[in-house]
Amino acid sequence: MNKIATRRRRLPAAWRTPLALTGAVVAAAWIVIAVLGPLVWPHDPLAQDLPRLAAPGAGYPLGTDALGRDVLSRVLAGAQVTIPLALLLVGLSLLVGGLLGAVAGLFGRWADEAVMRFTDLVMAFPTTILAMVVAASLGASLLNAVLAALIVSWPSYARVIRGLVLGVRTAEFVLADRLLGFSTARILRSDVLPVVAGPMLVLASLDVGTATLLLSGLSFLGLGARPPTAEWGSMVAQAVVNFDSWWLGVFPGLAILTVVMAFNFLGDALRDALDPRTAGTIGEGGAL
Amino acid sequence: MARYVARRIAIALLLVVGVTLVTFVLTNLVPGDAATANLGEQAANDPAIVAAYKAHYGLDQPLPAQYVTYLGNLLTGDLGESQLTKRPVATDLAAAVPATMEIAIGAIVLSVLIGVGLGTLAAVRRGRVIDQLLRIVSLVGISLPTFWVALVAFYVFYYQLDIAPGSGRLSPTADAPPGITGLYTLDALLTGNWATWLDACAHLMLPTLVLTAYCVGLLTRFTRSAVLEVLDADHVRAARAKGLPERVVLTRYVLRAALVPILTVTGLAFGSLLSGTVLVESVFAWPGLGAYAYEAASHLDLPGVMGVGLVVGIVYLVVNLVVDLLYGVIDPRVRVS
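Treat the numbers as computed from the prediction; the structure is a model and nothing was measured.

1. Details of the overall build of chain A
So, point 1. Assigned secondary structure in chain A consists of 10 helices and zero strands.
So, point 2. Starting at the N terminus and walking to the C terminus, you meet the elements of chain A as α-α-α-α-α-α-α-α-α-α.
So, point 3. Sorting the 288 residues of chain A into buried and exposed places 49% on the buried side.

In structure tokens form, the structure reads like this:
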């Protein structure tokens, strides 16, 4: 083979770590499963045509549930429910928190006070309990669960982004652009956004895991997915009723764990890649 | 210092009022109706019963008036009557809060002990196998769905191995200790009831460990980075150059300097732990704050929900206050400013 032609593009050091790779592979696998959907399901996840509560065995490797549905198919189908909703939640939190944080950081004074005190207020309330109250009063549905989760998850974004915007606002290169007479919109786009984008990305990728946990937790409590939706949290809840059939709870739980883990691994590597202080430790000894 | 403390307490009180306002607005904004949620179907269709129900709970008053009444009663320690249990919310909370505190305090103490230890170890052995191993362990730890871990632990240790007791705070055969503090372990100890003490401890085990598993990862990660920050600091190098043994350098110079960020995270972790109890309590049938919050929320029991919000808000603010005050103890520079 022609060796000269294979010019390799190398990923940044933090991305070449085994943890980041594992995270990337697992996350990619789940996303592929979610995209392919019915193509990878051995059965119809809603069809109740198998023996009830059958232990894992031939024909249904992860067993069947109390209604005679294939657990493997339901776990795979669950990816289509949880992953898009977790991403939606993170996107919405980023939007709401980002806007409020940017307003607080840019305009300062009373706008800053108002936004930040409101942020404190929401953060003083325990996330799961607040989300539970909202979800319970809106009525159980997956979209309401996302809405409830949004109410508790935007403040951390608002805080970080406010801090970043505050830091950039007084920087010399922003002052220079101001003196050149650039519009606020242009300064926001070409000066502020590049600085804010990196940390926002880290926060968002770390938060996909948290979002997944929060949403599946709400569904576990019966405040999210409605039957017969194949959602992981509500599947684990079924195991509480059928205690003998361990496979009902174990596999959907493992699905949640692997998705959250994958995004946490990725987020961790991303943070190292973007933070020069921790990145330094990778260079000298390879903290993975 | 006194002025600083007074200012902090004033802000905390304002935030508590804010928490009640947020809960009040949220629970009233949403479309659900407490009368239909709590009355039977037949009663809910009878306008006279619904009107009487609303009059009893003051729900026929305009919203601002309801809120002002609530705040007024709050000053006298009256949190209203639960629409679900028909008992005063204060009485319900007095039973639920100690149950939750018993697992939450155990979990936070264990998490800090293990997390700070492991985090320091990882930082000192930065880049070595043990550091990488701990990184994986702590990342997996923060990825665990607590409700699932609780369920698996219950299945394995109670149902299969039969080495853990069943759900609840005590076995049906054990006598509940007299309510002195509401913490069963402490009350049993105070009255010298060893059988109940052992039983209460055994029941505490699994829920506490499940919550700990969730918290330890967070504390390990933060301790590691906090210790890394100070490991190469000048005062640490000076201590080493002086020939102090490594153990003394680590505890008196490194950990002491890293304590402020660790303390901050511990405060935050305690808050998220209280949130986490909702899911854990529902698996272990633990009659705590989380279980009460769940029942109150799903029945749109406004006084119940507001009571829970109030308690958790206060706990959160007290923890933050204590953390802030401890800064002054740990770091003399904070005292000056």
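2. Comments concerning unusual backbone geometry
So, point 1. Of the consecutive residues Pro227(A) and Pro228(A), the connecting peptide bond is found in the cis state with omega at 5 degrees.
So, point 2. As for its placement among the helices and strands, Pro228(A) is situated in the loop between α7 (184-220) and α8 (232-241).
So, point 3. In this model, Asp162(B) sits at a positive phi of 55 degrees, which is unusual for a non-glycine residue.
So, point 4. Structurally, Asp162(B) can be placed in the loop between α8 (146-160) and α9 (184-190).
So, point 5. Positive phi values are uncommon outside glycine, yet Ala285(B) reaches one of about 50 degrees.
So, point 6. Mapped onto the secondary structure, Ala285(B) falls in the loop between α12 (246-284) and α13 (289-298).

3. Looking at the confidence of the model for chain B
Residues and elements named next belong to chain B.
So, point 1. Of the residues in chain B, 95% have a pLDDT of 70 or more, and the chain-wide mean is 83.
So, point 2. No element of chain B has a lower mean pLDDT than helix α15 (residues 332-336), which averages 64, and none a higher one than helix α6 (residues 89-124), which averages 91.
So, point 3. Scored as a whole, the predicted complex attains pTM 0.84, and scored at its interfaces, ipTM 0.83.

4. Section: the interface of chain A and chain B
So, point 1. Between chain A and chain B, the residue contacts involve 41 residues of the former and 46 residues of the latter.
So, point 2. Listed by contribution, the elements that provide at least two residues to the side of chain A that touches chain B are α3 (109-124), α4 (127-138), α7, α8, α9 (247-274) and α10 (276-285) of chain A.

5. So, the packing of helix α11 (residues 234-241) of chain B against α12(B)
Residue and element names in this part refer to chain B.
So, point 1. It is at 10 Å that the axes of α11 and α12 come closest, and there the two elements cross at 155 degrees. Considered as vectors, α11 and α12 are oriented roughly antiparallel to each other. Crossing angle aside, the handedness with which α11 passes α12 is right-handed. Across the interface between the two elements, His235, Val236, Ala239 and Arg240 of α11 pack against Val249, Tyr253 and Val254 of α12.
So, point 2. Of the residues belonging to the contact of α11 with α12, the class tally is five nonpolar, one polar and one charged.

6. Details of the confidence of the model for chain A
So, point 1. When pLDDT is averaged along chain A, the result is 81; 89% of the residues meet or exceed 70.
So, point 2. Segment residues 278-288 of chain A is flagged for pLDDT under 50; beyond a separation of four residues in sequence, or across chains, it makes 24 contacts in the model.

Conventions adopted
- Residues numbered from 1 in each chain as written.
- Chains lettered and ligands numbered in written order.
- Predicted model: local features only at pLDDT ≥ 70, side-chain atom pairs only at ≥ 80, totals over all residues.
- Helix = DSSP H or I, 4+ residues; strand = E, 2+ residues; numbered from the N terminus.
- Buried ≥ 20, exposed ≤ 12 C-beta atoms within 10 Å, placed from the backbone.
- pLDDT = per-residue confidence, 0-100.
- Contact = placed C-beta atoms within 7 Å.
- Axes fitted to C-alpha atoms, helices over the stretch in contact; angles between N-to-C directions.
- Parallel < 35°, antiparallel > 145°, perpendicular 65-115°, else oblique.
- Left-handed = near helix turned anticlockwise from the far one by under 90°.
- Nonpolar A, V, L, I, M, F, W, Y, C, P; charged D, E, K, R; others polar.

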